[in-house]
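Structure assessment
These are the residues of each chain, in order.
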Amino acid sequence: MAKKIFLALLMSCLALFASASNYLTFTAEEDSSSFCIKNVGDNNPNVEYSLDDGETWTLLEADEEGTSEYVILGKKGDKALLRGYNPKGFSIPKFDSHGGVSIHYTGFNMRGKIAASGSVMSLIDGIGESKTIPSDYCFYALFYDCESLTQAPALPATTLANVCYWNMFSGCANLVQAPELPATALTEGCYDGMFYRCTNLVQAPALPATTLADNCYDGMFLGCTSLTQAPALPATTLAKSCYSKMFCLCTNLVQAPALPATTLAEYCYSYMFNGCTSLVQAPELPAVELVNYCYDEMFYRCENLQKIKISFTEWSYETGFWVGGVAPTGTFYCPKELPIKYGVNRIPEGWNVEYIDEERDVAEHISDASFKAWGADGKITYIGATMPVEIYDLDGRLVKKVKGKSQSVVVPQHGIYVVKSGNVSLKVEL
């Protein structure tokens, strides 16, 4: 009882700042929409709502089974403001004597169609001004399976906590656009599963973070089947499982982000594009040193993938089916030093291999068995070239460089020439 009186007095004080507040707001997008809270375990945060623009507030209390009565938004356009004073966190993990954790959390149930706006942080500070998430698991599963949610609220926090947004919008099948995520330094599991199964999500947020943490993006867009383009990922130093399953089963993803990282970590890219059946070209992988399972199943079941470019020079760690199920033909770009080995853990069977000339940034074909060349009437004629053709005189000087599968090339004088396509060199006499 004393706690309720204290909270009531506190909220009365906060009401003085109502004009400057940025309350979490639910707006009905169709008649007879509604929402309630559900508590899992013994979590029981303070939550109030107002149906008259903050003039009066009502405590949203859960019953013994953990669910409150539904708040009715009778007509399209009706809205509810929400606030709470939960400085230790909205959902808080409980630890047993052995250090194990059990999650006791609170989330929303919704009916009809509801657009959220305002700041989710009004559930923490009562007014929506804070930019610091106070506890691990703070917004754990907050809108889990809310298929009625059509718009996400603002998530302005720049200081995060571990697993703070875990599965926050998982199963929100009618969410089209993700909210901005301004944090530049991430925490362990902070975005884990955040938009899992958001099947109508077409616009992902910008992800400016350059300081990553273990599992930070794990499964973030898993199963987002309407997503066609991925956001930029600027980090150059990765963390364990940081991108694991990030775009797994994004079946309409046609453009992958650049992956500039040169310092990898265990499982950092594992399953990242697994099942991305529309992906044709993989992002360039500039890292020269691999770590254990860093590419585990990275492109597994990308059945239309036809191009991969890497920079490592040895198969130093197991790559775990990283190219299993890709397109039957394609091109694998790699340094000359890399041993040529085929299979689901190495280079895809049936693919051509092209070497990367680091000085000129030109790819040189490892094999061009169909290439033929001969000389007659002051011309060198060639056929079957899949790479640029270079013609050298006997002193090693480059005479001509041409492109095209077949053509005749005029040379300055009669003599002996070396005609090269990829690593196939033929001697031609005129």
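For the structure itself, consult the block above.
Residues numbered from 1 in each chain as written. Predicted model: local features only at pLDDT ≥ 70, side-chain atom pairs only at ≥ 80, totals over all residues. Heavy atoms only, no water.

1. Some words on the overall build of the protein chain
- The secondary structure content of the protein chain amounts to two helices and 21 strands.
- Going through the 430 residues of the protein chain one by one, you find that 51% of them count as buried.
- Taking the intrachain contacts of the protein chain between residues at least 6 apart in sequence as the baseline, contacts between residues at least 24 apart amount to 71%.
- With an accessible surface of roughly 19,600 Å², the protein chain has 49% of that area assigned to carbon and sulfur atoms. (Helix = DSSP H or I, 4+ residues; strand = E, 2+ residues; numbered from the N terminus. Buried < 20%, exposed > 50% of the residue type's maximum accessible area, 1.4 Å probe, protein only. Contact = heavy atoms within 4.5 Å. Areas by Shrake-Rupley, 256 points an atom, 1.4 Å probe, with all protein chains shown as cover.)

2. Observations regarding the nonpolar core
- Among the nonpolar cores identified, the biggest contains 105 residues, and Phe169, Phe221, Phe247 and Phe273 are the most heavily contacted of them.
- At three residues, strand β1 (residues 24-28) tops the list of elements feeding residues into this core.
- Ignoring sequence-local partners within four residues, the contact set of Phe221 consists of Phe195, Leu201, Ala204, Pro205, Leu207, Leu227, Met246, Phe247, Cys248 and Cys250.
- Within the second largest apolar cluster, 13 residues are counted, among which are Phe371, Val389, Ile391 and Val411. (Core = buried A, V, L, I, M, F, W, Y, C linked by side-chain atoms within 4.5 Å.)

3. Points about the pairing of strand β17 (residues 389-393)
- Within β17, four of the five residues are buried, which leaves it mostly tucked inside the rest of the structure.
- As defined by bridge partners, β17 adjoins strand β18 (residues 398-402) across four bridges and the pair is classed as antiparallel. Note on β18: the bridge partner recorded for Tyr392 is Leu398.
- Note that β17 and strand β20 (residues 416-421) share five bridges and pair antiparallel. When the sheet's bridge partners are listed, Tyr392 is paired in β20 with Val418. (Pairing = 2+ DSSP bridges.)

4. Comments concerning the packing of aromatic side chains
- For the coordinates displayed, the defined rule picks out 31 aromatic pairs.
- Between the aromatic rings of Phe221 and Phe247, the centroid separation amounts to 5.6 Å while the plane-to-plane angle is 5°, which identifies the pairing as stacked. Here Phe221 is found in the loop between β10 (149-151) and β11 (307-309), whereas its partner Phe247 is found in the loop between β10 and β11, with 26 residues between them in sequence.
- Residue Phe247 is classed as buried on the basis of its relative accessible area of 0%. (Phe/Tyr/Trp six-rings, centres within 6.5 Å; stacked < 30°, edge-to-face > 60°.)

5. A few points about the side chain of Ser21
- Examined against the element boundaries, Ser21 turns out to sit in the loop between α1 (2-15) and β1.
- Here Tyr23 takes part through its side chain, which lies 3.4 Å from a polar atom of the side chain of Ser21. (Polar contact = N/O pair within 3.5 Å; in protein donor to acceptor, adjacent residues only side chain to side chain.)

6. Some details on a negative patch on the surface
- A cluster of acidic residues, Glu29, Glu30, Asp31 and Asp78, forms a negative patch on the protein surface.
- Mapped onto the secondary structure, Glu30 falls in the loop between β1 and β2 (33-40). (Patch = residues over 30% accessible without salt bridge, like charges linked within 9 Å, V, L, I, M, F, W, Y side chains within 5 Å. Salt bridge = Lys/Arg side-chain N within 4 Å of Asp/Glu carboxyl O. Lys, Arg positive; Asp, Glu negative; His and termini not counted. Charge placed at Lys NZ, Arg CZ, Asp CG, Glu CD.)

7. A few points about unusual backbone geometry
- For Tyr137, which is not a glycine, the phi torsion comes out positive at approximately 65°.
- Relative to the elements of secondary structure, Tyr137 occurs in the loop between α2 (122-125) and β10.
- Using a relative accessible area of 16% as the deciding quantity, one classes Tyr137 as buried.
- The backbone of Phe321 sits at a positive phi, close to 60°, despite the residue not being glycine.
- Here Phe321 is to be found in the loop between β11 and β12 (331-334).
- Residue class for Phe321 comes out partly exposed when judged on its relative accessible area of 44%.

8. Re the environment of Gln229
- With respect to the secondary-structure elements, Gln229 resides in the loop between β10 and β11.
- Residue classification places Gln229 among the partly exposed positions, given a relative accessible area of 45%.
- For the pair Gln229 and Gln255, spaced 26 residues apart in sequence, the C-alpha separation works out to 5.1 Å.
- Residues in contact with Gln229, not counting those within four places in the same chain, are Leu253 and Gln255.

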